[in-house]
Amino acid sequence: MGDFTIIGVIGDILKGLIFLNLKETFNTSFAINNIVLASPKEIEDKGLASVRLSLFLYQIVENAYVKNRPMENLGTGELKYPPLSLNFYYLITPYSDESQETTDWDRYTILGKTMQTLYDNAVLEGPALLDALKEVQHEDYYDQIDRICITLNPISLDDLTKIWNSLDTPMKLSVGYEVRVVMVESERKKTVSRIVEK
């Protein structure tokens, strides 16, 4: 369970995890800054030619199954409210080096390796989580995250079209992923007093 900064850290964890696996496939031709946490529209507007993979967090929703956890007894006459439990939805879009002749092949290879990596690390915890955190210099968050679950989130063509239309950019090959459950610690407390019988 982390503080409010955990929202940004989760994207960095995905970035680190994917980079660790992509650099093995592409050797030295792949760098951490080839993966960005940005929308395809931002990439297009800024002309980021070095981008090979975009991780776009397009929606955050409260996890309905974990939200009704009991309050934590702090033992000081106070109860602490349960953490905010969130699911994140990412749109992952591969890019290729337009100066190369094998642009489609590169794009498919990048997406294929990314999907394989996320499938093989569907439950990210322990040493694999620590390695991903180290790759993006966030190892101090290791004690705040027990684990995260990463699943392919099929997006209907209609919903995918709506996402791309809202970005006002031509539709590209992309896949959706859900990351859950991200816990944001609550700072809210409630004072309680013992019931005294008369």
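Calculation criteria
- Residues numbered from 1 in each chain as written.
- Predicted model: local features only at pLDDT ≥ 70, side-chain atom pairs only at ≥ 80, totals over all residues.
- Heavy atoms only, no water.
- Pairing = 2+ DSSP bridges.
- Helix = DSSP H or I, 4+ residues; strand = E, 2+ residues; numbered from the N terminus.
- Contact = heavy atoms within 4.5 Å.
- Axes fitted to C-alpha atoms, helices over the stretch in contact; angles between N-to-C directions.
- Expected span 1.5 Å × (residues − 1).
- Buried < 20%, exposed > 50% of the residue type's maximum accessible area, 1.4 Å probe, protein only.
- Arc of directions from axis to C-beta.

The next subject is the sheet that holds strand β7 (residues 147-152). Pairing is mixed in the open sheet, where six strands are placed in the order β1-β2-β5-β8-β7-β6. Unpaired on one side and paired on the other, β1 (35-36) and β6 (123-125) mark the two borders of the sheet. Across the sheet, helix α1 (residues 6-26) touches β1, β2 (53-62), β5 (84-94), β6, β7 and β8 (175-184), and the angle it forms with β2 is around 145°.

Our focus in this paragraph is helix α3 (residues 103-120). With 18 residues, α3 ought to run about 26 Å at 1.5 Å a step, and its terminal C-alpha atoms sit 26 Å apart, in line with that. Where α3 is concerned, the buried positions are Thr 103, Asp 106, Arg 107, Ile 110, Leu 111, Lys 113, Thr 114, Thr 117 and Leu 118. Buried residues of α3 fall within an arc of 165° about the axis and therefore sit on the same side. Projecting away from the buried face of α3 at angles above 90 degrees are the exposed residues Trp 105, Tyr 119 and Asp 120.

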